[in-house]
Structures are given as structure tokens and as C-alpha cells.
Amino acid sequence: MTLSLLAIQWSSAQETIELFNGKNLDGWINHGEEKWFVENGELICESGPKAEYGYLSTEDYYDDFELTLEFKQEADGNSGVFIRSTFEGTKVSGWQVEVAPPGKDTGGIYESYGRGWLIKPDPKKDKALKMGEWNTLKIRAEGSNITSWLNGTEMVHLEDEKIGKGKGAIALQIHDGGGIRVKWRNIKVKPLNTH
């Protein structure tokens with residue numbers, strides 16, 4: 001009994017993939033001219049001179065997964081985490097779990113170049129966000145079901161057929177407008193074997 005439990009724990013631990021190695025941007029693709037760099041083991045995004053949208057996406061595609069990461073907003077902090085996304089330049093097809101300053105729906109789900117906001121969290125849940133401190137965001141994507149948690153608080157749950165059919169990369173976003181700086185670390189994905 002104990003051996004089989006150990007084997008299960010070991011195999012599930014093996015499935016977690018570190019998307020960011022803390023040293024460089026290996027395994028990632030930069031879309032746009034905004035700045036993405038590594039400093040003190042942290043991934044940092046900053047607005048560039050053109051202050052346009054920018055994305056940093058994984059080279060690999062992930063469909064069903066649990067993603068956890070930490071972010072710390074400095075300056076404006078309007079950003080996001082895209083799932084099942086594809087890119088043409090800086091035009092993205094996919095879905096964003098919002099990362100934004102207080103009162104701006106962090107944890108909600110937005111469809112860029114499509115239907116816009118699909119679901120926003122209850123405003124009372126906004127107190128889960130710690131502006132200027134490290135926050136833990138967790139996203140679970142399984143078929144048509146997407147759930148987000150911020151610092152352990154479930155922000156939204158959405159069932160959506162269109163998202164269920166989506167395929168693509170995980171990506172971090174920097175919003176247009178300039179003056180944005182966000183730090184990221186401990187970016188880990190655990191693919192779900194749902195078949």
C-alpha cells in the first residue's frame with residue numbers, strides 16, 4: 001500500500017514543468033517590442049518606448065493543465081496570463097486571466113479580439129489582491145472549464161464551449177499605455193491527463 005502511494009506521489013511530482021528557469025528566457029517566445037528580461041531570478045516585463053501590447057509565450061502548447069505562478073505589480077501593473085493562445089505579431093487569439101491593479105478585475109477572464117469580458121470576479125473578492133507584494137495566481141483549464149484562484153481565493157469559474165476547443169500556448173501579457181512593470185516567478189504547469 002505505502003509503496004504504491006509513494007509511486008503515485010512521485011509520478012505526479014514528475015509531471016510539474018518549470019516554465020521559467022530563473023536565468024534566461026529559454027522556452028519562451030517574445031511577441032512585440034516591450035521589454036522582457038531576467039533579474040535576480042525574476043522575470044520582469046516593462047513597457048518599451050512604443051508602449052504597445054507585448055506577450056511572452058511558451059514555445060510549447062498546453063491544453064488541459066494547472067498553472068501556478070507568482071506576480072508582483074510595480075507601477076501600473078496591468079497585465080495578464082493567456083491560455084490556449086496563438087499569435088500573429090502582437091494580435092492574440094485566446095483567453096486572458098486578468099492581472100491588474102486593485103478594482104480592475106484580477107482573476108477575471110477576457111477574450112481579446114473577440115467577446116471581451118466573459119466573467120468578472122465578485123468585487124468583494126478584490127481584497128485577495130496584494131498590490132506591490134507577491135501574489136499567487138492559479139489557473140486550472142480542463143476541457144471547457146476554467147477556474148482561477150488568487151492567493152487561495154477562488155475568483156471565477158467558467159464553462160465555455162469555445163474555450164474548450166481552444167489550443168495554444170501559455171503567455172504573459174504587458175498591456176499597452178506605458179508605465180507598466182510586473183515581476184513574475186515560480187511559473188509552473190502541471191499537465192492534466194484527462195483522457
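Please refer to the structure placed before this passage.
Fair warning: this is a prediction, and the values are worked out from it, not measured in the lab.

(A) Geometry of the side chain of Glu46. Take Glu46: it is sitting in strand β4 (residues 42-46). Polar contacts involving the side chain of Glu46 include one to the side chain of Arg181, which spans 2.2 Å. Residues within four places of Glu46 in sequence aside, it is in contact with Glu34, Lys35, Phe37, Ile174, Ile180 and Arg181.

(B) Local environment of unusual backbone geometry. Look at Asp105: it is not a glycine, yet its phi comes out positive at around 70°. One non-glycine residue, Asn151, lies in the positive phi region at around 50°. Tracing the chain through its elements places Asn151 in the loop between β12 (145-150) and β13 (153-159).

(C) Geometry of the pairing of strand β3 (residues 35-39). As defined by bridge partners, β3 adjoins β4 across five bridges and the pair is classed as antiparallel. The residue of β4 that forms the bridge with Glu39 is Glu42. Joining the antiparallel neighbours β3 and β4 is a turn of two residues, in which Asn40 adopts a positive phi near 55°.

Conventions and cut-offs
Residues numbered from 1 in each chain as written. Predicted model: local features only at pLDDT ≥ 70, side-chain atom pairs only at ≥ 80, totals over all residues. Heavy atoms only, no water. Helix = DSSP H or I, 4+ residues; strand = E, 2+ residues; numbered from the N terminus. Polar contact = N/O pair within 3.5 Å; in protein donor to acceptor, adjacent residues only side chain to side chain. Contact = heavy atoms within 4.5 Å. Pairing = 2+ DSSP bridges.

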